[in-house]
Amino acid sequence: IDATIPLRSRNLWKKNNIQKFEEEEGFEKKFVTHVETSLARSMYNCDELAAYEATSMAVRDNLLIDWSATQQRITTRDPKRVYYLSLEFLMGKALDNALINMSSDKQEFSSTGDNTSRGYVKHALDDLGFNLEDVLQKEPDAALGNGGLGRLAACFLDSMATKSIPAWGYGLRYEYGIFAQKIINGYQVETPDYWLNFGNPWEIERNEIQVPITFYGYVDRNNGDTTTLSPSQWVGGERVLAVAYDFPVPGFKTTSVNNLRLWRAKPTTEFDFAKFNNGDYKNSVDEQQKAESITAVLYPNDNFTKGKELRLKQQYFWCAASLSDIVRRFKKSRRPWREFSDQVAIQLNDTHPTLAIVELQRILVDLEKLDWHEAWSIITQTFAYTNHTVMLEALEKWPIDLFGSLLPRHLEIIYDINWFFLKDVQKKFPKDVDLLRNVSIIEEASPERQVRMANLAIVGSHTVNGVAELHSQLIKTTIFRDFVRVFGEKKFTNVTNGITPRRWLRQANPELAKLIGEAIHDPEQNFLLNMSKLNGLTKMADDPDFQTKWDSVKESNKHRLADLIKDLNGGVEVINREHIRHTLFDIQVKRMHEYKRQQLNIFGVIHRYLNMKDMLKNGKSIEEVAKRYPRKVSIFGGKSAPGYYMAKLVIKLINSVADVVNNDEELQDLLKVFFIPDYNVSKAEIIIPASDLSEHISTAGTEASGTSNMKFVMNGGLIIGTVDGANVEITREIGEDNIFLFGNLSENVENLRFKHQYNETELPPSITRVLNAVEKFTSEYKNEFKPLTDSIKYHGDYYLVSDDFDSYIAAHDLVDDLYHHNKHEWIKKSIISVANMGFFSSDRCIDEYADTIWNVEPLKPESS
Ligand code: NBY
């Protein structure tokens, strides 16, 4: 139905258009209005939570005015647009970011010295009786993601809005995000993250947008001679509804506001009358309620898949709802189908949305009655796929039986896609059975046949990209090498990841952003939009005054982190504040995973501790020890997948070591160890700016890119790392003198693993000593850490901890030496590194996607 207002009424609408507020007074009015009407409270009954809600609603009102204009512009001009399909959007908090990004025509310096909208809102809140920082704390993180992949999607949304690229994100609105991690007695304990407990002022529930989604059932081929290639009728069994929830995504210094649409599952109003008539009213309602479980919870695994039916249901529910939305919008534009890919580019964030390919083929063939091949050519002009891992345990596969029962028609379509694809391959490479077997979308291996989602994604996409140069090279030579033979090299490209400097520099590290702005004569901080401007820092790198200021910002950030750690430690101080400026903050925060090698890090800490104790035992004074092993605090943080036994054991080991080391009075605070519980986006914003050194030490060839490495360096931390993922390009950009690289190269990994398998390697004495000492830290059971040490001693040391250990220790020696005996040189490296990090802005990354993969252009607001 047409819901447009008739012409004669439109002037009245325009006259009543609401205006954005652009300064304190306007904000105050909105704030009080929301307190009194939306929240039904008053000045006698307004706590910080209410202040957070009212502030958010006021800011949201502003964003929605720009959102509406942006969306109308897209509808009217009908440019090519991007749909970014991701099962995870790790957004973190929205308010602070919105205050920084929210455009205003009156962006003057306010008395708070903050030139964004944040400045005057802070001032206004102060006048209204609130402290902005405290109010911001009331917002729960939107933690709808596991790690790098989900946060990447969030950074991309920020950059696409900032660059005025017409783009929508599509995902799921999980009621429970990634679990909250508690550390009890040194062990990880998971508790549910019910982030919607107090409602969510940032979402718009769109009850008018409900898409029916079907599961199970059968395929009806009423006409006996039709083939699976002809339009077929899928008669579904279970039906649920997908309801849209929209989140405005503001760009920085622009009025472009994009949309993130998340789907929620709810029961249909259909009713099982059969059951009802049998007197089974309760059961028929229960069945309905099951619908909601589809979007109840985010699966908490990173880089690992398990074929759970509910996960496949999530994937189809989300793909079907999103495609129905995309197709509906396309049909409204009344363009012919052959122009579909002139309007639509769909990016698949990993293989999780690969069903979208099959669903679009189904819509085009079964519902729109397009010819199979015509439909397929539309598909392959529309989709592109981003791969995020080469690790086999992370490649998605679905057992045929499970798949065929949930999505019978889709399985047929996959068979047909595969049939045509393999026919082509066979024509090009006659009699190459191995090739056919390797590239087939169906895996024939026992015990059951499986659908290989990566193969399907490659076959259905025009472009496949990796996320850092080394990784993109590796996918071509390992997991996808046979596809390179089939499709040629050009289909496989690289787009090195990036991060948004708005959140990861301006928001997380306002003092550094301010100092940089002053130093490069850019007080308005336009460098946040053009990060090559950071180059201007280079000439200050040697300036002693500037170095002192630079170090003072770091010190202040270290205090901020020390405050957090104290707070997390039950109010008991861990870090000696007196010496904080000269205490090396050594940080590793990321998901807990064997390939990321937190075990290598904690073994290094044990090595250091044993050496310090030995020195004391041998009669050395604490001053002598301090000279060899200067002040340092080793900070860890990260969640383990709930079922990942080894990763959880590493957490326990870190906490056990912390217990012993931190309470060893003999060491006089020279070494401290702390595991930060519940690492998340908000904590990252405090942790990352405080690092002197961060660890990115994955086994070479396993970390596709890494993005926290970029965040740390952009905040003036140096890194110790392996030649892996984006570390390689960080080195290229900042110079090899400014990074501590160590360890074996990816080309040697296979060989080293082979040697371990045949017991051809003897462990170096250094690691043997550490492994033997590990049980000294056991607090719960005898030999508690045996699985960890055995995996290195007896089970092939798959992650090559022993092979890299000595070189890791040597790199740390260099770190100690430089930090404690040549701090000026250290700071210089820090400044030069930041000066050269422009490449890692996600704006650059989005430019590359837009130019080389999507073929889309910005659609700028008239005013800018
Ligand atoms: O994606 C990460 C990579 O490990 C990292 O190197 C890269 O920088 C980042 C962005 O490209 N991958 C990642 O975070 N993956 C997941 O979180 C993930 C989550 C779920 C599943 C697989 C991977 N899953 O199959 O369920």
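Please read all numbers here as calculations on a predicted model, not as lab measurements.

Conventions and cut-offs
- Residues numbered from 1 in each chain as written.
- Predicted model: local features only at pLDDT ≥ 70, side-chain atom pairs only at ≥ 80, totals over all residues.
- Helix = DSSP H or I, 4+ residues; strand = E, 2+ residues; numbered from the N terminus.
- Expected span 1.5 Å × (residues − 1).
- Buried ≥ 20, exposed ≤ 12 C-beta atoms within 10 Å, placed from the backbone.
- Arc of directions from axis to C-beta.
- Contact = placed C-beta atoms within 7 Å.
- Pairing = 2+ DSSP bridges.
- Axes fitted to C-alpha atoms, helices over the stretch in contact; angles between N-to-C directions.
- Near = placed C-beta within 6 Å.
- Nonpolar A, V, L, I, M, F, W, Y, C, P; charged D, E, K, R; others polar.
- Domains from an automatic or database assignment.
- UniProt positions renumbered as here; feature names shortened; annotations may be inferred.
- Core = buried A, V, L, I, M, F, W, Y, C linked by C-beta atoms within 7 Å.

Attention now goes to helix H34 (residues 842–854). Here H34 is 13 residues long, yet its end C-alpha atoms lie only 16 Å apart, well below the 18 Å a rise of 1.5 Å per residue gives. Among all positions in H34, only Ser-842, Asp-843, Cys-845, Ile-846, Tyr-849, Ala-850, Ile-853 and Trp-854 are buried. Across the axial projection of H34, the buried residues extend over an arc of 160 degrees, all falling on one side. Against the buried residues of H34 lie strand S1 (81–85), helix H7 (148–162), strand S12 (344–349), strand S13 (383–386) and strand S17 (463–466). Just beyond H34, the residue with positive phi is Asn-855, at close to 60 degrees.

Overall, mixed pairing links the nine strands, which are arranged S7-S10-S11-S4-S1-S12-S13-S17-S18 in an open sheet. At either margin of the open sheet sits one strand with a lone partner, and together these are strand S7 (204–215) and strand S18 (492–494). Geometrically, the sheet is characterised by an average inter-axis angle of 25 degrees between neighbouring strands, direction not taken into account. Bridge analysis of S1 against strand S4 (residues 167–172) gives four bridges, and the strand direction is parallel. In the sheet register, Tyr-83 faces S4, and the bridge partner there is Trp-168.

Surrounding the ligand, one finds 22 residues, the nearest of these being Gly-148, Leu-149, Asp-302, Ala-704 and Ser-705. Per-class residue counts for the shell around the ligand are six nonpolar, 13 polar and three charged. Composition of the shell around the ligand by domain shows at least three residues from each of domain 1 (78–94 + 139–496) and domain 2 (583–837).

Here we take up the sheet that holds strand S14 (residues 397–399). Within a sheet, each strand pairs with its neighbour through backbone hydrogen bonds, oriented either parallel or antiparallel. In space, the three strands of this open sheet follow the order S14-S16-S15, with antiparallel pairing throughout. The sheet is open, and its two borders are formed by S14 and strand S15 (442–443), each paired with just one other strand. Where S15 lies against strand S16 (residues 450–452), two bridges are found, and the strand directions are antiparallel. Among the inter-strand pairings, Glu-443 is bridged to a residue of S16, identified as Gln-450. Packed onto the sheet, helix H17 (residues 453–460) meets S14 and S16 and runs at close to 45 degrees relative to S16.

Bringing helix H33 (residues 823–835) into the picture now. Here H33 spans 18 Å end to end across 13 residues, near enough to the 18 Å set by a 1.5 Å rise per residue. Listed in full, the buried residues belonging to H33 are Trp-826, Ile-827, Lys-829, Ser-830, Ile-831, Ser-833, Val-834 and Ala-835. Contacts made by the buried residues of H33 are with helix H22 (544–568), helix H27 (708–714), strand S23 (718–722), helix H28 (727–734) and helix H32 (801–821).

Parsing the protein chain into structural domains produces domain 1 (78–94 + 139–496) and domain 2 (583–837). Taking only C-alpha atoms, the centre of domain 1 and the centre of domain 2 are 36 Å apart. Taken together, the 35 residues of domain 1 in the interface contact 32 residues of domain 2. Counting residues per element, the ones that place at least two in the side of domain 1 that touches domain 2 are strand S2 (89–92), H7, strand S5 (180–184), strand S6 (187–191) and helix H18 (469–477). Residues belonging to the side of domain 1 that touches domain 2 are distributed by class as follows: 14 nonpolar, 14 polar and seven charged.

Taken from the UniProt record, the annotation "modified residue: N6-(pyridoxal phosphate)lysine" (unreviewed entry) applies to Lys-711. Examined against the element boundaries, Lys-711 turns out to sit in helix H27. Judged by the 30 C-beta atoms lying within 10 Å of it, Lys-711 falls in the buried class. Setting aside residues up to four positions removed in sequence, Lys-711 forms contacts with Ile-499, Trp-504 and Ile-688.

Moving on: the nonpolar core. The biggest cluster of nonpolar side chains holds 232 residues, and the ones touching the most others in it are Phe-317, Leu-653, Ile-654 and Val-657. Counting contributing residues, this core receives three or more from each of domain 1 (78–94 + 139–496) and domain 2 (583–837). In this structure Phe-317 touches Ile-213, Ala-242, Trp-263, Ala-265 and Ile-294, once residues within four positions along its chain are discounted.

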